[in-house]
Structures are given as C-alpha cells and as structure tokens.
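This is what each chain is made of:
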Amino acid sequence: MSATAANHNSRHPLLTAIVLALVAAALNIGLWWWGNYPHGPGDWHGKIDGFALSVFQRYQSPLKGDFPSDDQIDGDLRLLSRYTSRVRTYSMLQNPQLPRLAEKYGLKVMAGAWIDRRLDNNEKEIDTLIAQARHYPGTINRVIVGNEVLLRNDISADDLMAYLDRVRAALHQPVSTAEPWHIWEKYPELVQHVDFITVHLFPYWNGIARKDAIADALARYNHLKQLYPGKPIVIGEIGWPSNGDRFQYATPSVSNEAIFLRDWLNVAKLDHIDYYIMEAFDQPWKEQLAGRTEAYWGMFNADRQPKFPFTGPVTEDTAWPWKALAASLLALLPMILFARRFSRFKLVGRFFFCALIQLACGLIVWAATLPFNFYLSWVDWTMLTLLFPAQIAILAILLINGFEFTEVLWRPTWIRHAGMLRPDHPDRQPFVSIHLACYNEPPEMVIVTLDSLAALDYQNYEVLVIDNNTKDPAVWKPVQEYCEKLGKHFRFFHLEPWPGYKAGALNFGLKETAPEADVVAVIDADYVVRHDWLATLTGHFHDPKVAVVQCPQAHREFEHNTFRRMTAWEYDGFFRIGMHHRNERNAIIQHGTMTMVRRSALEGTGGWSEWTICEDAELGLRLMHAGYDLVYVDELMGKGLTPADFKAYKSQRYRWAFGAMQILKGRWSWMTKKGPLSAGQRFHFLTGWFSWFADALHLIFTLMALFWTAGMVAFPQYFSLPMQLFLIPVIGFFFAKAIFGIVLYRARVPCGWRDTLMASLASMGLSHAIARGILHGLTREKTSFVVTAKSRRLGGSNFAAFAPVREELLMAVALALCIAGMAEAFGTRYIEGTLWIIILAAQSIPYVSAVIGAWIAHRAGDKAG
C-alpha cells in the first residue's frame with residue numbers, strides 16, 4: 001500500500017471502514033448469486049402426459065392412518081387438471097373416492113392395485129380395482145396390478161402373472177404391472193401376461209449425473225423396445241429429486257429436477273413417448289420408508305407450490321436475494337465497527353476480518369433457513385434447536401481465532417511493546433526477593449537453578465527456597481545444605497505438612513520476605529536464568545502502575561530429544577503469538593515462572609490465592625482488576641525443562657484447564673459486568689479459553705458421533721445420515737483453525753516446518769486432557785495439584801507406553817471402527833456419508849496424536865536412558 005493511500009486511510013478511518021464493509025457485503029451477495037446462478041433448460045409449453053399421484057398432505061401419512069379428505073383430494077385434482085389430463089394411482093383401498101373426483105375434472109386414471117405379501121389384502125385390492133374400473137369405464141382407462149412387486153420379492157412371478165390374468169379376464173381396459181427395466185429383462189414371460197409394459201426409469205438411482213440422465217433413460221427405454229418389439233411401453237415413473245442425499249454421481253437439487261424434467265418433457269414429446277412424471281406432490285411420509293430422498297420427488301412441494309417455472313431460467317433458491325440481503329445487513333454494522341476501531345491494522349487485514357465476519361453471518365443465515373427446505377419432524381426441529389447454539393459457538397470461536405490471526409499478521413507494530421532496559425545503578429535497583437517453591441524435585445536439578453541465581457549480575461536480591469511437603473530428607477536436605485554454602489542471599493525453608501500447594505508455599509515465602517524487598521520474583525525449580533534477568537527488567541517497576549513483568553516460559557536441553565523438542569515448540573507458540581495478542585489490551589496470562597510482581601500490589605490484593613490451582617493466572621487477573629498494568633517482555637531470560645513424559649505433559653495441561661475453570665467461576669462477575677476491567681481485558685479472559693471449550697465440545701461431539709454412527713450402521717431404519725447443515729460448518733471450522741495455527745506458527749515461531757508440524761501434533765494430543773480439565777473444572781470445586789515431572793522416570797514395556805493415553809487409544813479405536821462401519825454400510829454413495837466419514841477421521845486426529853505423542857515420549861526416554 002502506498003504512503004498516500006496509508007495517509008488517506010488514517011485521515012478517513014470511518015469512510016474506509018464503510019467502503020470495506022460494503023465491498024465485503026457485495027462479495028457476499030455475489031457469492032449467493034453464484035450459488036444460485038440461473039440455469040436455462042429448454043422451455044416447456046403444453047400439457048404433461050401424466051403424473052404419478054399420492055394425495056397425502058404435508059403432515060399426513062398412511063403409516064399413521066391419517067388420510068386426506070375429499071376436499072383435499074378434490075383440490076389436488078383441480079390443481080393437476082391445469083397441467084395434465086392423466087394421473088396414476090397405486091392403491092384402490094387408500095383413496096377409493098379418487099376416480100369419482102377425477103371424473104369431475106375430466107382426468108383419466110391409470111388405477112393401481114397395491115400387491116404385497118398380505119394375501120388377504122391383495123384380494124381386497126383386486127376386487128376393488130375390478131369394481132371401480134367397471135363403475136368408471138370412462139375415467140379409469142388403464143389398470144396396474146402391483147407396483148415393483150418382483151423387485152421387492154413380495155410374491156413369485158407365477159403368482160403375479162395369475163393376478164394379471166385374472167384382472168385381464170375381468171376387464172376391458174388394458175392391464176399391466178409396473179417394474180424397473182431390469183425386471184422386465186429378467187422375466188420375459190411376464191410380457192405375455194400384460195397388455196402393455198409399464199417401466200420405471202430413474203437415472204438418479206442408477207447414480208448417473210444429471211447431464212447424462214436423459215441419455216440414460218432413453219437408452220433403457222430403447223433397450224426394452226428392442227427386447228419386446230411391438231409391445232406398447234408406458235413409462236410409469238420418471239423424475240429427479242429436488243432434495244435429499246447424493247447418490248454416486250447423481251445430485252438432488254431443485255435446479256437439477258427442473259432441468260431434467262424440462263429436458264425430458266421436450267424429448268418425450270419429440271419421440272412420442274408415453275410417460276407419467278414421478279411425482280405430482282412431495283410426500284414427506286415416504287422418508288420413513290426409504291430415506292430422506294424419497295420425500296422430494298414432487299413437481300410441487302408438499303404445500304402444493306410449484307418448485308420451478310416451466311419457462312425461463314431456473315434458480316436453485318428463489319429466496320436467495322432476501323437471504324443474501326439479510327446476511328449482509330447482519331454483518332454490516334459489526335464490519336464497520338471493527339474496521340473503524342482497528343484502523344491501525346493494514347488494509348488487507350481489515351478486509352480479511354470483515355470478510356470473515358460476513359462469512360460467519362452468511363453461515364448463520366444459511367443454517368437458520370436451510371431446515372425450511374426439508375420436511376422435518378418435531379424431533380428434527382428439537383435437535384436443530386439444541387444444535388444451533390453449538391453452531392453459533394463454533395462461529396464465535398472461529399471469529400476469535402480470526403481476530404488473533406488478523407492482529408498478529410497485519411498490525412503495523414505492537415502498541416504495548418516492552419523490552420530490556422539499561423541496568424540501574426545499584427543505588428536505584430529495587431530489592432528483589434526471588435521465591436523458588438519446590439516439591440519432591442531432584443536436588444541436582446534444583447542446584448543447577450540455584451547456581452544460575454547465584455550468578456545474577458544484581459546486588460539487591462535474596463533467594464527463598466521453600467520446600468513444601470517433600471517427605472524424603474534425601475531429596476530436600478542436599479538443597480538445604482547447598483543454600484547454606486551459597487551464603488546470606490539464600491535461605492531455605494522446609495515445610496511439612498503445609499496446605500495450599502504451591503500458592504501456600506509462596507504465601508509462606510511472602511511472610512518471610514525481607515522487609516526492604518520491593519519486588520517478588522517467582523521461578524520454577526528447573527529454570528536456569530540469565531545473569532541480566534533482574535538488571536535489565538526491574539527498571540519497569542519505576543512506573544508505579546506496573547505490577548507485573550512477565551517473560552516467556554522457555555525451555556532448554558530439548559534439541560536432541562524428539563518428545564522434548566516437540567513440546568518445547570508447542571509451548572513457544574503461545575508466548576510468541578497469544579501473549580502478544582493479549583498484551584495489546586493489557587490482558588496477559590501471568591505465569592508462575594519468570595515473573596516479577598510488585599510486592600505492595602501482591603500483598604495489597606491478598607497474596608497468592610489458595611482456592612485455585614492456577615494461582616499465577618488468578619493473580620494477574622486480580623491485579624488488572626485493581627487497576628495495574630502487566631508488562632510482557634518477549635526475551636528468553638530463563639529456560640526450564642519440558643515435562644519428562646507424556647503423562648506429565650498431559651497432567652500439566654489438565655491442571656491449567658481445571659484452574660482456568662476455577663477462575664472463570666470464581667471471577668465470573670468481574671468478566672461479565674462493567675467494572676475496573678477494560679472491555680479488552682474482559683474479552684480476552686472470557687474468550688481466551690474458548691479454544692479449550694472447543695476441546696470439551698469436541699469430546700462431547702465425538703461421544704455423540706460414536707453413538708449415532710453405531711446407530712446408523714446397526715439400525716439404519718431408525719438413524720439417518722446427518723444433514724449437510726451440521727457437517728459443512730464443522731469441517732470448515734476444523735480446517736480453518738488448522739490453517740490459522742500453521743500460518744501463525746510459520747510467521748511468528750522461529751522453527752522449521754518439521755518442528756511446526758510436530759508442535760501441532762503435540763498440541764492436538766492434549767485435546768482430551770484439556771477437555772477433561774474443562775468439564776471437571778466446571779463440575780467440581782477442587783482437584784489435586786500434581787507437580788509436573790521434569791526428570792525422566794523409569795521406563796517400562798512398550799505396552800506401558802500407552803498407559804497414559806488409555807482413553808485416547810480407546811477413542812481412536814472406536815472412531816476407526818466407526819469409519820470402517822460407515823465405509824462398509826454406505827461407501828461413497830451419499831455426500832452426507834462421505835462428509836460424515838471425513839468428520840470421524842478429523843475427530844480421531846487428537847486421539848491418534850495423543851497415542852503417537854505417548855509413543856514418541858516412550859522411545860525418546862529409552863534413547864535418553
């Protein structure tokens with residue numbers, strides 16, 4: 001962007017914001033237009049040969065014994081008489097009044113008797129057919145005995161032929177039975193027992209793409225003509241569904257139905273083909289018999305409205321302009337507010353996030369309106385009502401991640417950047433009390449940390465080593481002895497028993513702190529600090545508003561250990577990306593190592609909280625609430641050890657997630673009500689954990705998906721494939737989140753592609769542990785504080801490597817079985833089935849990642865040993 005353009009943007013931020021929002025809104029409308037691009041099949045003028053007719057209204061079903069009234073049937077026949085002069089029926093017992101009512105409108109009826117395995121019912125159907133055909137000889141011009149009887153294998157061919165002979169002997173009207181083309185090919189003897197062949201032609205069920213469907217239908221028709229020359233052939237059913245499941249290459253849609261039917265009507269007229277369109281009206285009740293697609297074969301919908309015009313272009317969704325406008329209006333104000341508020345972002349960044357807002361609003365409108373294209377039961381609507389908030393949550397998480405993505409990539413510079421300062425003269429140095437809390441830590445590891453503290457290039461400091469509840473004297477006494485050797489700067493305390501976990505130990509240290517101390521610094525027992533840590537950072541405390549100076553949680557000795565390396569880079573991502581993003585609004589997460597706190601602020605706000613196992617993050621929030629600033633300095637001033645194995649890695653993240661929920665519950669009013677916390681701080685502390693909530697939702701969704709998949713495979717008559725409405729946003733969210741994460745890592749974290757991918761694997765492997773921490777934190781008050789093991793524990797067998805990930809392994813196996821079951825039961829015949837398999841595979845990635853991570857940790861430990 002040129003300097004002139006940049007200056008113009010800075011002078012007119014509101015105008016630029018409006019232009020950006022309007023461009024995004026226009027693109028949204030263009031996308032809706034493209035998705036509903038008008039198609040132009042040949043126009044149709046004139047009457048249609050005939051319709052296959054079921055007269056059940058939208059909420060009626062023969063399965064429930066709910067049949068249409070005379071007035072309803074009369075209305076249907078009156079409507080159809082404007083389009084055709086012939087209809088075809090399937091049962092004489094369900095609607096015996098239909099021939100009488102059809103006579104009123106001059107409609108000819110190809111009347112059908114329903115034949116199945118109920119022999120008594122077959123007799124009633126045939127007797128009624130004969131009686132009605134004799135009573136209405138001018139209306140019933142053809143009769144059909146049985147519909148796809150041999151296809152269903154309800155009765156034998158011999159029994160069907162006996163029925164046909166009996167009806168032919170009783171009536172003057174021509175008699176036939178209706179079957180697909182291959183049944184007529186299989187039973188040539190059947191042709192001798194009918195006056196004409198009634199064939200069903202469905203390119204859709206042959207898996208043929210719509211563009212090739214007419215040719216397929218004609219090929220089947222001509223094949224029968226060659227097999228049985230001289231025998232009249234009537235196409236009893238031909239059509240295309242407007243909705244439902246994709247079958248191989250055949251896609252149901254309104255435009256495809258319109259194009260197929262209009263093309264067919266013109267071809268059939270040209271070739272003088274006798275046909276009945278399948279069917280007149282959508283029949284929602286059929287979904288219970290043969291799946292979702294069966295409900296959508298009508299030329300009219302179930303409310304008796306035509307789905308498409310017979311002349312002019314065909315549009316998939318005639319209401320798309322209103323939906324597009326609603327989506328644009330819904331997004332317009334948020335886009336303008338964002339682009340105006342963050343006018344300092346580069347133009348491409350502002351446009352990207354505006355487009356993301358518009359996309360989210362478009363998906364909301366799409367998800368809210370798509371269900372009205374289906375015939376849904378109250379159960380379906382109940383599920384939609386419950387799942388719609390989950391879809392909103394997914395979009396909210398996507399926008400939150402997108403905001404971080406936008407700010408990190410496209411801000412000109414960090415506003416609240418803080419760095420190292422020129423060291424103060426010793427006379428001006430604040431006195432620092434360094435607190436090192438440890439529990440059952442290897443003494444040799446703690447001694448390395450103490451050596452680094454002893455080497456600090458700083459005069460005014462002390463070190464308090466607080467060992468709490470270590471029972472073995474062989475572990476804590478060497479540390480005590482080493483502190484004594486280091487001199488007066490170092491004091492050692494052994495507390496046993498002592499409550500409050502780490503917070504309890506730090507509160508004890510606070511009471512023992514030297515009176516002259518101005519700053520309390522905290523590090524973990526495995527950290528080696530730089531000699532200039534205090535000298536170059538304590539100067540920030542000359543500003544009385546600063547309460548905390550925080551450095552990244554960095555690591556050492558990981559380069560040649562695959563597991564430690566992948567976890568080290570996984571930690572680094574948050575401190576290179578998330579902490580900077582939060583720091584812009586003075587909303588960082590304070591960590592319990594490499595942190596310095598103004599003593600008066602710490603004591604004045606109540607010390608370390610012992611009611612949460614994340615006392616460090618809670619303290620940072622409390623200091624913000626008290627009006628202080630927290631400073632983040634992205635310099636690696638100290639490095640510790642990564643968790644020793646996958647069990648320790650999981651345990652630490654579970655503790656962080658559990659503690660986050662304790663803070664969320666305990667400080668809920670601070671985050672949701674206007675008060676000392678700024679809007680930006682409330683935003684980050686409310687939404688910063690949304691990604692962890694996504695892990696909890698992932699676990700819940702996976703359990704539901706396992707249950708539903710088992711139902712679809714074992715009981716397909718009760719469990720249907722989920723609609724695209726649920727599937728597409730989930731898949732889109734998964735890929736968007738993955739892309740955001742990888743792009744940010746490549747931009748901000750100084751590691752290569754291999755380390756980026758391995759860090760991603762490590763991060764995904766923690767999903768289950770985080771989910772358990774979130775759910776337990778929301779439902780429980782307390783949990784044990786488990787210290788993260790940093791030194792290698794004794795190895796075990798290869799089988800024992802998976803002990804820390806038993807649940808993840810079980811989930812991965814269950815998902816693999818579901819994928820195999822879906823592939824066997826559905827294959828790739830339905831787009832929904834394929835999408836569901838993709839979702840199951842995506843759902844398995846965190847669990848597979850955990851299993852791989854545990855194995856890597858085990859092998860890396862063996863090599864280290």
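Refer to the structure above for everything that follows.
What you are looking at is a predicted structure, and each value in this text was computed from that prediction instead of being measured.

1. Here's the deal with the sheet that holds strand β15 (residues 554–555)
At step 1: In spatial order, the strands read β13-β18-β15; together these three strands make up an open sheet with mixed pairing. With partners counted over all chains shown, the strands left at the sheet margins are β13 (528–529) and β15, one partner each.
At step 2: Across two bridges, β13 lies against strand β18 (residues 638–640) in antiparallel orientation. Its bridge partner lying in β18, V528 is registered against K639.

2. Here we look at the packing of helix α9 (residues 213–227) against helix α10 (residues 254–271)
At step 1: Where α9 meets α10, the closest approach of the two axes is 10 Å, and the angle between their N-to-C directions is 40°. Judged on the interaxial angle alone, α10 and α9 are oblique. Where α9 crosses over α10, the handedness of that crossing is right-handed. Counted together, A213, I214, A217 and L218 of α9 and F260, D263, W264, V267 and D271 of α10 form the full contact between these two elements.
At step 2: Grouping the constituent residues of the contact of α9 with α10 by class yields seven nonpolar, no polar and two charged.

3. Structural notes on helix α22 (residues 646–666)
At step 1: Under the 1.5 Å per step criterion, the end-to-end length of α22 is 30 Å for 21 residues, consistent within 8% with the ideal 30 Å.
At step 2: Counting buried positions along α22 gives 16 out of 21 residues, so the element sits mostly inside the fold.
At step 3: N-capping of α22 is provided by D645, with a side-chain oxygen placed 3.3 Å from the backbone N of K647.

4. Observations concerning a nonpolar patch on the surface
At step 1: Taken together, the side chains of L15, V19, V23 and L27 make up a nonpolar region of the molecular surface, amounting to roughly 340 Å² of accessible area.
At step 2: Turning to its location among the elements, V19 is positioned in helix α2 (residues 13–35).

5. Thoughts on the pattern of salt bridges
At step 1: Under the definition given, this model contains 40 salt bridges.
At step 2: One salt bridge connects K471 with E496, and the closest N-O pair in it is separated by 4.0 Å. Separated by 25 residues along the polypeptide, K471 in the loop between β10 (461–468) and α16 (473–486) and E496 in the loop between β11 (490–495) and α17 (501–512) bring together distant segments of the chain.
At step 3: Assessed through its relative accessible area of 41%, E496 is described here as partly exposed.
At step 4: The salt bridge involving E570 is made with R653; its shortest N-O contact spans 2.9 Å. You can see E570 sitting in helix α19 (residues 562–583) and its partner R653 sitting in helix α22, a full 83 residues away along the chain.
At step 5: Overall, the relative accessible area of 10% leaves E570 in the buried class.
At step 6: The class of R653 is buried, set by a relative accessible area of 7%.
At step 7: One continuous salt-bridge network, built from bridges that share partners, spans D49, R86, R142 and D274.

6. Describing the environment of K323
At step 1: Assignment of secondary structure puts K323 in helix α12 (residues 320–341).
At step 2: On the accessibility criterion, K323 (13% relative accessible area) is buried.
At step 3: With 178 residues separating them in the primary sequence, K323 and V145 have C-alpha atoms 47 Å apart.
At step 4: Once residues lying within four places of it in the same chain are set aside, the contact partners of K323 are W32, D317, V365 and T369.

7. Observations concerning the sheet that holds strand β17 (residues 629–632)
At step 1: The strand order across the open sheet formed by seven strands is β11-β10-β9-β12-β16-β14-β17, and the pairing between neighbours is mixed. Strands at the two margins of the open sheet, each flanked by one partner only, are β11 and β17. On average, each strand axis in the sheet is inclined to that of its neighbour by 20°, with strand direction left out of account.
At step 2: For strand β9 (residues 432–438) and β10, the ladder comprises seven bridges, and the chain directions are parallel. Along β10, the bridge assignment pairs V432 with Y461.
At step 3: Against the sheet, α19 makes contact with β14 (546–550) and β17, and its axis sits at roughly 150° relative to β17, the strand it touches most.
At step 4: Contacting β14, β16 (595–598) and β17, helix α21 (residues 615–625) runs over the sheet at an angle of about 130° to β17.

The rules behind each value
Residues numbered from 1 in each chain as written. Predicted model: local features only at pLDDT ≥ 70, side-chain atom pairs only at ≥ 80, totals over all residues. Heavy atoms only, no water. Pairing = 2+ DSSP bridges. Helix = DSSP H or I, 4+ residues; strand = E, 2+ residues; numbered from the N terminus. Axes fitted to C-alpha atoms, helices over the stretch in contact; angles between N-to-C directions. Parallel < 35°, antiparallel > 145°, perpendicular 65-115°, else oblique. Left-handed = near helix turned anticlockwise from the far one by under 90°. Contact = heavy atoms within 4.5 Å. Nonpolar A, V, L, I, M, F, W, Y, C, P; charged D, E, K, R; others polar. Expected span 1.5 Å × (residues − 1). Buried < 20%, exposed > 50% of the residue type's maximum accessible area, 1.4 Å probe, protein only. Polar contact = N/O pair within 3.5 Å; in protein donor to acceptor, adjacent residues only side chain to side chain. Patch = residues over 30% accessible without salt bridge, like charges linked within 9 Å, V, L, I, M, F, W, Y side chains within 5 Å. Areas by Shrake-Rupley, 256 points an atom, 1.4 Å probe, with all protein chains shown as cover. Salt bridge = Lys/Arg side-chain N within 4 Å of Asp/Glu carboxyl O.

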